[in-house]
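The residues making up each chain are set out below.
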Amino acid sequence: MIVSSTNIATRLESAIGSSRVVTDAAIRAAYAVDEIIPSVVAKPSSPEEAAEVVRLAAQENLALIPTGARTKLQIGRPPTRYDIALDLTALNQIVHYDPSDLTLSAEAGTPIEKLNATLLEHRQFLPLLVSWYSRSTIGGTIASGIDSPLRQFYGTARDFLIGAEFVDGTGKLCKSGGRVVKNVTGYDLHKLLIGSLGTLAVITRLNFRTFPSVIAGSRGFVASFSNAQGALALRHAILQSPLTPLTLDILNPGLAQVFSQSAPATPEASAFSGEARNTNHASLPPIGDWFHPSEWQLCAAFAGTPEVLVRYTRALTRFAEESRATATAFLDDATRPAVWGRLRETLSMLLESSPATVIFKISVLPSHHAALFASLPQIADRNALPHALVARADGTIYFTLLPACIDQINAARVAFAAIQVRNAVCDPRDRANPRRGHASLLFAPPDWKRVVTVPDGGEGFAIDLWGRPPLNLPLMRRLKSAFDPQNIFAPGRL
Amino acid sequence: MNSGLVREFEKLLGPSSVLHRPEDLLLYEYDGSVEKGRPNLVVFPTTTEDVSRVVKLAAKYNLPIVGRGAGTGLSGGALARTGGVMLVFARMNRILELDAENQRAIVQPGVVNYELTRAAEPHGLYFAPDPSSWKSCTIGGNVAENAGGPHTLAYGVTTNHVTALELVLPDGEIVRVGSTQGDAPGYDLTGLFVGSEGTLALVTEITVKLSRKPEAVKTLLGIFDSVDDAAETVVDITARAITPSACEMLDGWTLRAVEDYIHAGFPMDSAAVLLIEVEGLTETVAAQAAAITEVCNAHHAREVRLARDDAERDLLWKGRKNAFGALGRLAPSNYVLDGVIPRSKLPQALRRIRQIGDQFGFQIGNIFHAGDGNLHPIVLFDRRDKQQFERALQAAAEIIRYCVEVGGALTGEHGVGMEKSELMPLLFSDADFDLMRRVHDAFNPDSALNPGKIFPLSKGCGEIRVRKPSGPTSVVTPSGNHK
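Residues numbered from 1 in each chain as written. Chains lettered and ligands numbered in written order. Predicted model: local features only at pLDDT ≥ 70, side-chain atom pairs only at ≥ 80, totals over all residues.

1. Some details on the overall build of chain B
We count it as follows: Segments assigned H or I by DSSP are reported as helices when at least four residues long, segments assigned E as strands when at least two residues long, and all are numbered from the N terminus. Counting other C-beta atoms within 10 Å of a residue's own tells you its class, since 20 or more makes it buried, 12 or fewer makes it exposed, and anything in between is partly exposed; those C-beta atoms are placed from the backbone. Placing C-beta atoms from the backbone, we regard two residues as in contact once those atoms come within 7 Å.
Of regular secondary structure, chain B possesses 15 helices and 20 strands. C-alpha extents for chain B along the principal axes are approximately 70 × 55 × 45 Å. Buried residues in chain B amount to 61% of all 483 residues. Across chain B, contacts joining residues at least 24 apart in sequence account for 69% of those joining residues at least 6 apart.

Have a look at this one:
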């Protein structure tokens, strides 16, 4: 069905008021997803209005993409259709906060920073310190499925999201879970929203359990190594010990260079630094000379009483010596933000460092890291592409290719590299093995996600998001049609 | 059940893997709840392929299918509410892989919870979810119900420790969801299936995270002369953001019954005790134990004891974990409830439970996971007294209603099952049910799997679409609930 944009706008205006509907071309362009521009932007002021917009979209069979701060809309496949941008930033209230129960409910468009500022008044926080932190909304963060270095200690959103309210594809407001920390009443539908890229429902409210903030004396630790083995040996020693660091990441020299060269324009998250946010503080402080950008680095954060800090310092120093670190540094309140702000902003910094950044999210068991730390750099070198890598101790690797520009040669290089990355992560003969890992394409220039023409005469092909369909794609399709029977939510993105 | 049908199942699995005589089936008509439901046939698969074949054969004869682990569930989740074929996973009880380096184990659903921890112990690891029934309950059952336990306060419930599943769908298809590491592309199907109470698929293999055993553990026993003081202590510990690994409360009436039986060392004349555990680095544990002692004292604790050694600690936990058994000595039947409230509402909730007990004429004991607001009021009654049984159910419903009123939920860890399906509308709207039903139908369109669970039967026309086996249990009506 073809409906003219004026027609949609008029219908939307009568549903939620003319001040909440925008058709101006310049504004619409800012809502583009992979260069596809919606016909209209609707900005509801209540969950009911959001439901109203969805009902209208369902009636007219219009494709709708929910948006927050629009920092991560480039994750996923290009949408096949996109008529309405549903801007949720006007839904930005913290609707419930019981500090003595450590639970909080916030509307989807609430900025994470606002949420953490409220929590910090009660010395609590939400351990979602993600890239684009100072701009991100909580709804967008959940829908994008993006993780934070703090997952080492706190887990991912699925471990502390305790309930949600959302609009399903029929335009009805639904909920799952609740506001209590332990709850098995009904299906855990809210977990499905994490990483769903707006394809299942329009999130209107999210409920979390919150955590004591890690302000009290948190410390950083950086150890440098001439090779990856040393960093892995140190990580192994830490993981086998009784220590439970808050973050535990290994950076390759490529990423260390990006860290030392750029200064993201966002200060360290206040919830982590323990300092009130300094608005004059335009960018992170430069990294100190204790950071050796030509080496592999292991970065850890830890917190506790003075006795606990002493224990960590002693143990980490000893482990670092045993694993032959070339240098170590302990970071305090003054020096820590330089590293921790950059660790949090890794993805945003990498995207800013090249117009053609390609980031893979690789999920493997940690024991596979040694092999991948050898093969991934080789793949990048073979295809003449600069690269950067960060590996979390839970197994997650963000592997980044940094071509200098978007052109045909780089497209082909990246396309070849993508195949090689996938084969390195999971032997193609072993695809049915459930123990295998996955390499998903998290970010890539939109054109490359559509089709890449190989110059030597091969057939054009897209650098696909998943490399191949996940084993249980049919189950996911069934779920998608349960939530969104008409396929109006972000069609094609997942 | 007709003998031709029985023979078909026997041909499939062997005669020693099929039970069909009424006297055998009797053992499978109950679980740890107050509900009943008898299957027409009980089968014991040994492989995933067995499960798939059983499911296909059941489909051919339009028989409902119910999975069951050890039958320790407390909400009727593993009961054949509408008869049919019960798959008991007792013979699928192998630990398939234990990967100490990556802290993962792959297990069959019939592995007993405690057995996994025992197998992991030599590596300094353990499986964190520890329901009170951990020495008999199975991990398959834990997954179905998303089971909790005392130590979930710090470490999370079953779903936080499951990364991948192998499943058999109602049409017999075998699928795998999730990944060993945990992050899998696409929707979090593992997160949906864990806790779906056997209504979406049968779980045939489970990949779990194993946790590292902490360096130090301290177990404290806070002794109080009033329930209110004990409850206020819990509120204060939570509010001060001290995170013990467990924070359990036993009220005086309950602890006296336990003490008579187990001699755990609970003081007989106290009004309530808090069993609190802190774990972690030696330095962390010392600081936390001191902070907790301070909070207990600020709320007029008569005494705060520190378990001197492992033996004393084990005894205290034995008292806690076997409490329900101890109460079994006091009355022919007991009904363990399961509700959740915001933790800040604990003192008033305990007062309200007392009122409800008075109103319905029961002494209601409380022994529960205070730290995460997960109440377990326990009602003692005589099931043979029909009126008393009805009153017990009414009192239970009243308590759960109260939990919802103060912002809580129907169940924290036992599941909805058939126990609470009729209470679901207290929390969920028609739109919520419509969506849950569509998700249910996406996997289990004919309600072949575990029919009559989670969803209220009394909605709509009063009958739910279920496969109708031959025999007296073919129609399910709301009033059929407790017959």
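2. Focus on the pairing of strand 9 (residues 173–177) of chain A
Both faces of the sheet carry side chains from a regular strand, because those side chains alternate between them. Residue and element names in this part refer to chain A. Rule in force here: Criterion used throughout: strands pair if DSSP finds at least two bridges between them.
When you tally the buried positions in strand 9, you get 5 out of 5 residues, the bulk of the element. As defined by bridge partners, strand 8 (residues 161–167) adjoins strand 9 across 5 bridges and the pair is classed as antiparallel. From the neighbouring strand, E165 faces strand 9, where its bridge partner is K175. If you look at the hairpin formed by strand 8 and strand 9, you'll find 5 residues sitting between the two strands, and G171 has a positive phi there, around 85°.

3. Brief notes about the packing of helix 8 (residues 228–240) of chain A against helix 11 (residues 306–322) of chain A
Residue and element names in this part refer to chain A. Formally: Axes, fitted as lines to C-alpha atoms, cover a helix only where it is in contact. Angles between the N-to-C directions of the axes lie from 0 to 180 degrees. An angle below 35 degrees is read as roughly parallel, one above 145 as roughly antiparallel, one from 65 to 115 as roughly perpendicular, and any other as oblique. By the definition used in this description, the sense in which the near helix is turned from the far one sets the handedness, with an anticlockwise turn below a right angle giving left-handed and a clockwise turn giving right-handed. The classification used treats Ala, Val, Leu, Ile, Met, Phe, Trp, Tyr, Cys and Pro as nonpolar, Asp, Glu, Lys and Arg as charged, and all other residues, Gly among them, as polar.
Running from N to C, helix 8 and helix 11 point in directions that differ by 140°, and their axes come no closer than 9 Å. Classified by the interaxial angle, the pair formed by helix 8 and helix 11 is oblique. For the pair helix 8 and helix 11, the sense of crossing is right-handed. Here helix 8 contributes L234, A237 and I238 to the contact with helix 11, which in turn contributes F319, A320 and E322. Here the residues of the contact of helix 8 with helix 11 sort into 5 nonpolar, no polar and 1 charged.

4. Topic: the domain arrangement of chain B
All names here are of chain B. As a reminder of what qualifies: Those domain boundaries reflect an automatic or database domain assignment.
The assigned domain composition of chain B is domain 1 (93–212), domain 2 (216–325) and domain 3 (331–405). Here domain 1 and domain 3 have C-alpha centroids that lie 30 Å from each other. The partner domain 3 presents 4 residues to the 4 residues of domain 1 that form the contact. Residues that form the side of domain 1 that touches domain 3 fall into these classes: 2 nonpolar, 2 polar and no charged.

5. Things to note about the sheet that holds strand 6 (residues 103–107) of chain A
Residues and elements named next belong to chain A. The strand order across the open sheet formed by 5 strands is 5-6-10-8-9, and the pairing between neighbours is antiparallel. Two strands close off the open sheet at either side, each with one partner strand: strand 5 (94–98) and strand 9. Along the sheet, successive strands turn relative to each other by an average axial angle of 10°, direction set aside. In this sheet, strand 10 (residues 202–209) lies alongside strand 8 in antiparallel orientation, the contact comprising 6 bridges. Paired with A164 across the strands is L206, a residue of strand 10. Seen against the sheet, helix 3 (residues 47–60) touches strand 8, strand 9 and strand 10 and runs at an angle of roughly 140° to strand 10.

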